[in-house]
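# Chain and residue survey
Single-letter residue listing:
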Amino acid sequence: MRVLIAPDSFGGILTAEAVATAASDGWRGARPEDTVRTLPLSDGGEGLLDVLTALEPDAPRTFIEVAGTDTRPRRVPVLWLDSHTAVLETARICGLPPVDVPRRPLEATSYGVGQALARAVEAGADHVIVGLGGTGVIDGGSGALNGLGMRLRRADGSGLRVGAADLAECTSVDDGWARWPDGVRLDVLADTAVPVSEAVARYGPQKGVPAERIGPLAAAVANWADVVSAAFPGPVGPDTPHTGAAGGLGLALAVALGGRLLSGSAWVAERADLDDAVAASDLVVTGEGRFDVTTTTGKVVDEVVRTARRHGRPVGIIAGAIDPAVAAGLGIEERLLATAPASGPGDGAVAAVRSAGHLLASRITSVHS
């Protein structure tokens, strides 16, 4: 049997390549006669640069220093697909802090994303691709515009602090000294189709927003979305799909900079020739850290499942946690679900994925049973 293993990363625990390798090792241990191909994927969030590097091994990286999630300097890579096409990964710039570090979502900022965009253009990019996802910010992309040089003001003309805390008081935003060149194309790879109007309710808890602050923060982000949309009128607004990616960065980059909003999982899948890989397989295995209701908002697993369905291929799932109701809704059989619980990165996580791969393979007697 021909098996394709095409997972996303397990955020903060294992890269997509590590997941694919461990799952294939487990599968081969149970069914050594099968032909197993691995194809690590990304939806624009954590791991985008690693996945693209695997697809384009000769693509060089340069490094820049920008402000991180907590404003402290962070050294981050820029991947160059060619001499004028730069790729940035927001998870590297303003990602979630380690699990043992307190999360401060109201202070977390996307300021470094604006700095990185400016540096990429200064280095000669006329096409910038930004992968959105895996961030610890929920500032609506206000920090990124501030990092580019735009001015955000209160009614009295004073400036705002970076982060989401002052967004309810924002009344205006203007170009300041920022100038996004007309000749520079910006593609925004969103890891979710959720609009910014739903972003706080959907993703606030995982970024560390206390339950009692969800409502006020949602109202503050909605105010910011209205302000920036009015300042840069166009077809994109708070209810546009993908604008909620990376805590609302999708909105800011699309509205203020004219970025083209794209599904990150679909963009990577096309570049990786996922469709052909699925067509050449008898069974497909995919996975992610948590397989739940957010899976169906444009994540890698959702893209793989839909591609497999078009070709009539069965799908197996390996994930740290699995919501069986979501699996049932996607038509995935219970026997093709395997959990790989891991409390953190390391050998234990690799062993858990390897064991899950072995379990799935042991349940297969043929592609039909």
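Refer to the structure presented above.
Throughout what follows, the structure given in this document is the object of discussion.

Cut-offs applied
Residues numbered from 1 in each chain as written. Predicted model: local features only at pLDDT ≥ 70, side-chain atom pairs only at ≥ 80, totals over all residues. Heavy atoms only, no water. Phe/Tyr/Trp six-rings, centres within 6.5 Å; stacked < 30°, edge-to-face > 60°. Lys NZ or Arg CZ within 6 Å of the ring centre and 35° of its normal. Axes fitted to C-alpha atoms, helices over the stretch in contact; angles between N-to-C directions. Helix = DSSP H or I, 4+ residues; strand = E, 2+ residues; numbered from the N terminus. Parallel < 35°, antiparallel > 145°, perpendicular 65-115°, else oblique. Left-handed = near helix turned anticlockwise from the far one by under 90°. Contact = heavy atoms within 4.5 Å. Nonpolar A, V, L, I, M, F, W, Y, C, P; charged D, E, K, R; others polar. Pairing = 2+ DSSP bridges. Core = buried A, V, L, I, M, F, W, Y, C linked by side-chain atoms within 4.5 Å. Buried < 20%, exposed > 50% of the residue type's maximum accessible area, 1.4 Å probe, protein only. Arc of directions from axis to C-beta. Right-handed = clockwise from strand over helix to strand, strands pointing away. Salt bridge = Lys/Arg side-chain N within 4 Å of Asp/Glu carboxyl O.

### Considering the packing of aromatic side chains
The way to describe two aromatic rings as a pair is by their centre distance and the angle between their planes. Under the definition given, this model contains 0 aromatic pairs. Its end group placed over the ring of F63, R75 keeps NZ or CZ at 4.3 Å from the ring centre.

### Topic: the packing of helix α2 (residues 48-55) against helix α9 (residues 264-271)
Between α2 and α9, whose axes approach to 11 Å, the crossing angle comes to 15 degrees. Comparing their axes, α9 and α2 come out roughly parallel. Like other packed secondary-structure pairs, α2 and α9 cross with a definite hand, here left-handed. Along the contact surface, α2 presents L48, V51, L52 and L55, while α9 presents W267, V268 and R271. Here the residues of the contact of α2 with α9 are counted per class, giving 6 nonpolar, no polar and 1 charged.

### Brief notes about the sheet that holds strand β12 (residues 315-322)
If you walk across this open sheet you meet the 5 strands as β2-β1-β11-β12-β13, and the pairing is parallel. Across the chains shown, the open sheet's two edge strands, defined by having one partner strand only, are β2 (35-38) and β13 (337-339). Strand-to-strand twist across the sheet, computed as the mean angle between neighbouring axes with direction ignored, equals 20 degrees. Of the strands in this sheet, β1 (2-5), β2, β11 (283-291) and β12 touch helix α1 (residues 16-30), which is tilted by about 175 degrees from β2. Lying over the sheet, helix α13 (residues 347-362) contacts β11, β12 and β13, oriented at roughly 145 degrees with respect to β12.

### What about the nonpolar core?
Ranked by size, the top nonpolar core spans 61 residues in total, and within it W27, L41, L274, F291, I318, I332 and V353 carry the most contacts. Within the second largest apolar cluster, 59 residues are counted, among which are L117, A164, A245 and A254.

### Structural notes on the side chain of S24
Residue placement: S24 occurs in helix α1. In this structure, S24 is in contact with I5, V36 and T38, ignoring residues within four places of it in sequence.

### So, the environment of D182
Considering the arrangement of structural elements, one finds D182 in the loop between β8 (172-174) and β9 (185-190). For D182, a relative accessible area of 83% puts it in the exposed group. A C-alpha to C-alpha distance of 9.4 Å links D182 and L257, two positions 75 residues apart in sequence.

### Quick look at α2
For α2, the full list of buried residues reads L48, L49, V51 and L52. Projected down its long axis, α2 shows its buried positions confined to an angular sector of 160 degrees, all on one face.

### Section: the pairing of β11
Most of β11 is tucked away, with 7 of its 9 residues classed as buried. The pairing of β1 with β11 spans 3 bridges and is classified as parallel. Across the sheet, I5 pairs through a bridge with V285, a residue of β11. Taken together, the 7 bridges between β11 and β12 define a ladder with parallel strand orientation. Across the sheet, residue V285 finds its bridge partner in β12, namely G316. As for the winding sense of the linkage, the β-α-β connection from β11 through helix α11 (residues 300-310) to β12 is right-handed.

### Section: unusual backbone geometry
Although it is not a glycine, A246 adopts a positive phi angle of roughly 55 degrees. Its location among the elements puts A246 in helix α8 (residues 245-257). Of the residues examined, A246 reaches a relative accessible area of 6% and is grouped as buried. In the Ramachandran plot, D273 falls in the positive-phi region, its phi being about 55 degrees despite a non-glycine side chain. You can see D273 is positioned in the loop between α9 and α10 (274-279).

### Examining the sheet that holds β9
Read from one edge of the open sheet, 6 strands run β3-β4-β5-β6-β9-β10, paired in mixed fashion. The open sheet has two free edges, formed respectively by β3 (61-67) and β10 (260-263), since each of these has just one partner strand. Neighbour-to-neighbour, the strand axes of the sheet open up by a mean angle of 30 degrees, direction not taken into account. The sheet contact formed by β9 and β10 spans 4 bridges and is parallel. Its bridge partner being in β10, V188 is matched across the sheet by L261.

### A few points about the pattern of salt bridges
Considering all chains together, one arrives at 21 salt bridges under this definition. For D50, the salt bridge goes to R92, with nearest N and O atoms at 3.1 Å. In this pair, D50 sits in helix α2 while R92 sits in helix α3 (residues 90-94), placing the two residues 42 residues apart along the sequence. R92 gets classed as partly exposed once you look at its relative accessible area, which sits at 25%. Within this structure, D50, R61, E89 and R92 form a network of salt bridges that share partners.

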